[in-house]
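# Per-entry structural report
Spelled out from the first residue to the last, the chains are:
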Amino acid sequence: MIDKQGRNIEYLRISLTDVCNLRCVYCMPKDKITFMDKEKILQDDEVIKLVKLMAKCGIKKVRLTGGEPLTRKNILKIIEDIHRVPGIEEIYITTNALLLEGKEREFKEAGLKGVNISLDTLKEATYRDITRGGDLKIVLRVIDNLLDLGIKVKVNSVIIAGINEDEILNLAALTINKKMDVRFIELMPIGAAKDLTPITNNKVKEIIKQGHVLEDEKIIGISGPAKYTQIKNALGKVGFISAISDNFCESCNRIRVTSEGFLKQCLHWNYGIDLKTLIRNGMNDEELLEIIKDKIYNKPIKHSFGKEEKDKDNRFMNEIGG
Ligand code: SAM
Ligand code: SF4
């Protein structure tokens, strides 16, 4: 549906859990983590109920995220059920990929169209450091398996000063021989990332140009918040999601539901509504639908990252659902 700013909101990101098998330095604290009680998390039937209501509001595309969505026991069944919801045309997941190995075909058969994989380096030791323990070899195998099955793959890379800026060229080069996209996501000052130093995407672009010829040196496409270009003769594209340096809120097409069932109108702000409690208190579908439509219609105009604002969301990224 169209919101008050005239934006077409057709994309829902829904977090299935705050639990993760990794502890990436920009996303989660190293220790002292308490995950949410199971009963606070949206149950499978509640997830499907919300997707059905959202579809009635014009949502066509659903992405399952987290925490790590693959740690959710019934994720395959959830995908199958979402796949059957009238109006939902595409289902994606965002994952670190480690728990996907060997299950790629099952996910395709369940209706999964594409996978975004977080990968910030091609060096095994750096990967272990950033993720605090992950095995890069598994991720690379999963990427190849997904591509062999014809599942769309996009790599999400967050570049942090002093940690992986020397990996920008290697990451971009993944697109040369594989038909997949690599997107550089600017570090957002959320949760664990507040003490890290971001690298702007303009700088990332400059570094790519030092090692590769970018097709016509111009942007060849825009899709949602990502702007895409291409290394000359490469099979895949290179994308830039520049939430900080190039505010893309005017083309925002999404809403989020956290694993606790809170409808978030914008990644930055704490505005929204606790849909889970409304469902558990027995609110009927017509009333829920009206509330959801109202929240979508009234999405904030834009984020205000970097400024201390009293209404900003102070949760960690794994809790919100990145
Ligand atoms: N565990 C899954 C994964 O890593 O893909 C899904 C959840 S993760 C929170 C989703 C995305 O958020 C990842 O691509 C990750 O790189 C990104 N992310 C996490 N913290 C971030 C931050 N502070 N700034 C920018 N992106 C962040
Ligand atoms: Fe886990 Fe994804 Fe956060 Fe890394 S970015 S800690 S894989 S939720």
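The name given to the protein chain in an unreviewed UniProt entry is GTP 3',8-cyclase, with Clostridium intestinale URNW as the source organism. Under Catalytic activity (unreviewed entry), UniProt gives the following word-for-word description of the protein chain: "GTP + AH2 + S-adenosyl-L-methionine = (8S)-3',8-cyclo-7,8-dihydroguanosine 5'-triphosphate + 5'-deoxyadenosine + L-methionine + A + H(+)". UniProt annotates the protein chain under Pathway (unreviewed entry) with the comment "Cofactor biosynthesis; molybdopterin biosynthesis."

## Brief notes about the site of ligand 1
Inspection of the region around ligand 1 gives 19 residues, with Gly67, Glu68, Thr94, Ser118 and Met188 positioned closest. Contact distances for ligand 1 include 3.2 Å between a nitrogen atom and a backbone N or O atom of Tyr26. Glu68 places a polar side-chain atom, nitrogen or oxygen, 3.1 Å from a nitrogen atom of ligand 1. Protein burial of ligand 1: of its 540 Å² of free accessible surface, 95% is covered by the chains. Elements with a contribution of two residues or more to the shell around ligand 1: strand 3 (90-95) and strand 5 (152-158).

## Focus: the environment of Pro225
By secondary structure assignment, the location of Pro225 is in the loop between strand 7 (221-223) and strand 8 (226-229). Overall, Pro225 belongs to the buried group, its relative accessible area being 16%. Note: C-alpha distance between Pro225 and Ala243 (18 residues apart in sequence) is 7.9 Å.

## Focus on the packing of aromatic side chains
Under the defined criterion, the tally for this structure stands at 1 aromatic pair. Against the face of Phe240 rests Lys205, its NZ or CZ located 4.8 Å from the ring centre. The side chain of Lys237 reaches across the aromatic face of Tyr228, ending 5.2 Å from its centre.

## Thoughts on the UniProt feature "binding site: [4Fe-4S] cluster 2" (unreviewed entry) in the protein chain
Here, UniProt's "binding site: [4Fe-4S] cluster 2" (unreviewed entry) annotation points to Cys249, Cys252 and Cys266. The annotated residues occupy 18 residues of the chain but converge on a single region, no pair of C-alpha atoms lying more than 9.3 Å apart. Take Cys252: it is sitting in the loop between strand 9 (238-241) and strand 10 (254-257). Not counting the four nearest positions on each side in its chain, Cys252 is found in contact with Arg7, Ile9 and Lys299. Tracing the backbone through its elements, the reader meets Cys266 in the loop between strand 11 (262-264) and strand 12 (272-274). The buried category is assigned to Cys266, whose relative accessible area is 12%.

Rules and cut-offs
- Residues numbered from 1 in each chain as written.
- Chains lettered and ligands numbered in written order.
- Predicted model: local features only at pLDDT ≥ 70, side-chain atom pairs only at ≥ 80, totals over all residues.
- Heavy atoms only, no water.
- UniProt positions renumbered as here; feature names shortened; annotations may be inferred.
- Near = heavy atom within 4 Å.
- Polar contact = N/O pair within 3.5 Å; in protein donor to acceptor, adjacent residues only side chain to side chain.
- Areas by Shrake-Rupley, 256 points an atom, 1.4 Å probe, with all protein chains shown as cover.
- Helix = DSSP H or I, 4+ residues; strand = E, 2+ residues; numbered from the N terminus.
- Buried < 20%, exposed > 50% of the residue type's maximum accessible area, 1.4 Å probe, protein only.
- Phe/Tyr/Trp six-rings, centres within 6.5 Å; stacked < 30°, edge-to-face > 60°.
- Lys NZ or Arg CZ within 6 Å of the ring centre and 35° of its normal.
- Contact = heavy atoms within 4.5 Å.

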